[in-house]
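Here is what each chain is made of, one letter per residue.
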Amino acid sequence: MIEAVGLTKDYGEKRAVDDLSFAVRPGIVTGFLGPNGSGKSTTMRLILGLDRPTRGDVTVNGKHYRDHQAPLHEVGALLEARSVHTGRSALNHLRALAQTHGIPRRRVDELIDRVGLHDVARKRAGQFSLGMGQRLGIASALLGDPQTLLLDEPVNGLDPEGIHWIRHLLKGLAAEGRTVFVSSHLMSEMALTADHLIVVGRGKLIADTSVDDFVRRASGFVVLVRSPQATRLAELVRGGDDVVVDSPEPGVLEIEGLGTEQIGELAAEHGIVLHELTQRHASLEQAFMDLTRDEVEYKPFDTEEAVA
Amino acid sequence: MSAVTPALPTLQRSGRVTQTRVIGSEWTKLVSVRSTRWSLFAAVLLTIGLPLLFAAVTSSHWGSMGAHERADRHPLDIALAGVNVSQLAIAVLGVLTITAEYSTGMIRSTLIAVPRRLPVLWAKSIVYAVVALALMVPSVLVAFAGSQAILSRHHILQIAFSHPGVARSVFGGAVYLMLVGIFALALGAITRNTAGGIAVFAAIFFVIPPLMNILPTSWNNAITPYLPSEAGRQLFSLTQDAHALSPAAGGILFAGYCAVAIAIAAALLVRRDA
């Protein structure tokens with residue numbers, strides 16, 4: 001269980017996290033979603049006591065992270081930024097961390113095998129690929145068999161097999177009753193792994209909702225109409241309540257709030273010729289982008305990049 | 001590499017973070033990095049090697065040396081000639097012990113494991129001090145015995161270990177190097193930057209002392225003995241200049257500087273965002 005109340009962090013003039021309140025419950029995977037630069041990593045650092053909040057408070061399992069007697073048994077963390085000495089082997093890195101809690105060597109060897117680093121365990125971590133680095137980070141997060149897991153962009157740099165492995169791992173850990181808090185800037189990834197979503201933009205809370213609700217809300221559809229009499233049709237449909245009409249180009253309409261049947265019947269009634277009448281689903285990624293559009297700090301020149 | 005590995009084995013909880021455990025962890029960290037081993041090896045080599053070289057050169061040229069030059073050669077200065085040089089290796093490693101964690105990001109892993117933070121600073125200081133002392137005590141003893149053996153043909157360059165002040169100077173050399181290591185480690189923790197830490201160390205130990213000569217002599221004599229490098233040097237100087245502190249006073253003052261530096265490092269470590 002992670003609880004944040006009015007969490008705020010300023011770095012000089014810049015507010016990275018702005019009055020954030022949320023609770024992360026055990027037994028499910030909670031996704032922490034937001035565009036890059038929206039304060040996800042800062043929030044993670046505040047939870048782990050690496051940074052002190054300017055205002056507000058955050059506790060893990062009822063205590064400040066700092067006050068836990070054996071923090072690695074409470075929380076396992078994978079930060080986005082590299083957190084390994086490049087000159088030390090994976091094995092020695094994990095052993096040194098394990099020693100702080102009296103965790104036996106056997107556990108370190110076990111985890112090295114589990115995350116698939118057996119063959120490179122004695123190589124210096126500086127020579128690791130991004131994917132191997134992530135696996136080492138996950139091994140350190142699991143070292144203390146913690147009740148709560150905090151993972152910042154865990155699938156970054158992993159190959160498809162690795163991504164699959166992470167998804168299974170996270171779901172498995174949640175099914176064992178643990179608290180799993182995973183950040184990502186990719187809605188599609190969260191839709192596959194998370195049960196609950198906390199969405200942030202520019203450090204502010206935008207949504208705190210179950211993934212199902214988010215998907216339901218997001219999966220509204222628009223009807224695409226192509227007609228030589230588009231202007232006339234637009235006038236006719238605009239009469240209805242909650243109908244939104246957009247015309248991206250002449251002769252094309254995007255209509256929200258009416259079904260294909262209603263639009264087709266309306267057109268027939270008024271003798272309007274239709275060249276196309278298609279129902280289109282809004283994607284999750286689109287819904288996420290719509291939700292965070294005003295909160296994105298660095299807008300790419302080509303918004304398509306953000307979708308890819 | 002199997003892709004699907006569900007439920008991990010559970011772990012028998014083994015209690016809490018203790019100072020002793022953090023010391024064990026810091027020991028593992030210190031000895032598991034190649035650059036550490038090289039720096040320590042360099043410190044040992046310089047502490048022993050330079051006196052032997054110095055002794056060999058002195059011995060072979062003794063016949064052609066003038067009275068002045070001969071008077072300039074003191075057997076204990078020869079035996080401890082390496083200390084002034086190896087202090088640089090010890091200082092660089094002391095700074096790196098902390099700053100390498102910042103430059104690589106390791107500090108985040110360290111502070112997540114030990115969020116109270118101070119046990120990390122204590123452990124690093126203790127481990128490094130013990131390692132430095134454990135290596136430097138035998139090094140200065142070997143340097144003394146070795147250089148004396150090389151100079152055995154020259155009666156005037158022989159000095160007994162039991163001669164007043166000799167044992168204190170030889171062991172004092174090792175203690176001085178240990179304190180230099182702690183002082184440098186504190187500078188690393190304060191600056192959190194390798195270049196910055198080494199620069200501050202160099203400024204305090206190598207730049208400020210000669211600058212004192214610019215001052216009027218009376219000021220120079222009043223200030224210089226209290227500089228960290230000058231105070232510390234008395235630990236391994238057989239005789240003291242007119243204005244210098246006694247070995248005990250100098251050693252205590254230098255240790256005091258180290259304590260202050262560590263205290264500042266501790267206060268900053270607790271207060272600052274990592």
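Note: the structure precedes this text.
In this report, we go over the structure that sits alongside the text. This structure is a prediction, so every number in the text was calculated from the model and none was measured. (Residues numbered from 1 in each chain as written. Chains lettered and ligands numbered in written order. Predicted model: local features only at pLDDT ≥ 70, side-chain atom pairs only at ≥ 80, totals over all residues.)

This part takes up the overall build of chain A. Counting its regular elements, chain A contains 12 helices and 13 strands. Principal axes of the C-alpha set define a box for chain A whose edges measure 80 × 45 × 35 Å. With 308 residues in all, chain A has 42% of them scored as buried. Within chain A, residue pairs in contact and separated by at least 24 positions form 68% of the contacts whose partners lie at least 6 positions apart. (Helix = DSSP H or I, 4+ residues; strand = E, 2+ residues; numbered from the N terminus. Buried ≥ 20, exposed ≤ 12 C-beta atoms within 10 Å, placed from the backbone. Contact = placed C-beta atoms within 7 Å.)

Let us look at the packing of helix α3 (residues 90–99) of chain A against helix α4 (residues 105–114) of chain A. All names here are of chain A. Contact pair α3 / α4: the axes reach a minimum separation of 10 Å and the direction vectors enclose 135°. The angle between α3 and α4 places the two elements in the oblique class. Crossing geometry of α3 relative to α4 is assigned as right-handed. Touching A90, L91, L94, R95 and A98 of α3 are R105, R107, V108, L111 and I112, all from α4. Split into classes, the residues belonging to the contact of α3 with α4 amount to seven nonpolar, no polar and three charged. (Axes fitted to C-alpha atoms, helices over the stretch in contact; angles between N-to-C directions. Parallel < 35°, antiparallel > 145°, perpendicular 65-115°, else oblique. Left-handed = near helix turned anticlockwise from the far one by under 90°. Nonpolar A, V, L, I, M, F, W, Y, C, P; charged D, E, K, R; others polar.)

Further remarks concern the nonpolar core. By size, the foremost hydrophobic cluster in this structure holds 143 residues, and its most contacted members are L94(A), A139(A), F183(B) and A186(B). No other element matches the 16 residues that helix α8 (residues 166–191) of chain B contributes to this core. In this view, A186(B) contacts C258(B), A261(B), I262(B) and A265(B); residues no more than four positions away in its chain are not counted. Residues V225(A), V237(A), V245(A) and I255(A) belong to the second largest nonpolar core, which totals 10 residues. (Core = buried A, V, L, I, M, F, W, Y, C linked by C-beta atoms within 7 Å.)

This next bit is on the interface of chain A and chain B. Listed by partner, the interface residues are 46 residues for chain A and 40 residues for chain B. Counting residues per element, the ones that place at least two in the side of chain A that touches chain B are α2 (71–74), α3, α4, α5 (130–142) and α6 (160–175) of chain A. For the side of chain A that touches chain B, the class distribution of residues is 15 nonpolar, 19 polar and 12 charged.

Another aspect to go through is the sheet that holds strand β1 (residues 2–11) of chain A. Residue and element names in this part refer to chain A. Taken together, three strands build an open sheet; the order of strands is β2-β1-β4 and the sheet is antiparallel. Two strands close off the open sheet at either side, each with one partner strand: β2 (14–24) and β4 (55–60). Each strand axis lies, on average, 20° off the axis of its neighbour in the sheet, ignoring direction. Note that β1 and β4 share five bridges and pair antiparallel. From the neighbouring strand, I2 faces β4, where its bridge partner is V60. (Pairing = 2+ DSSP bridges.)

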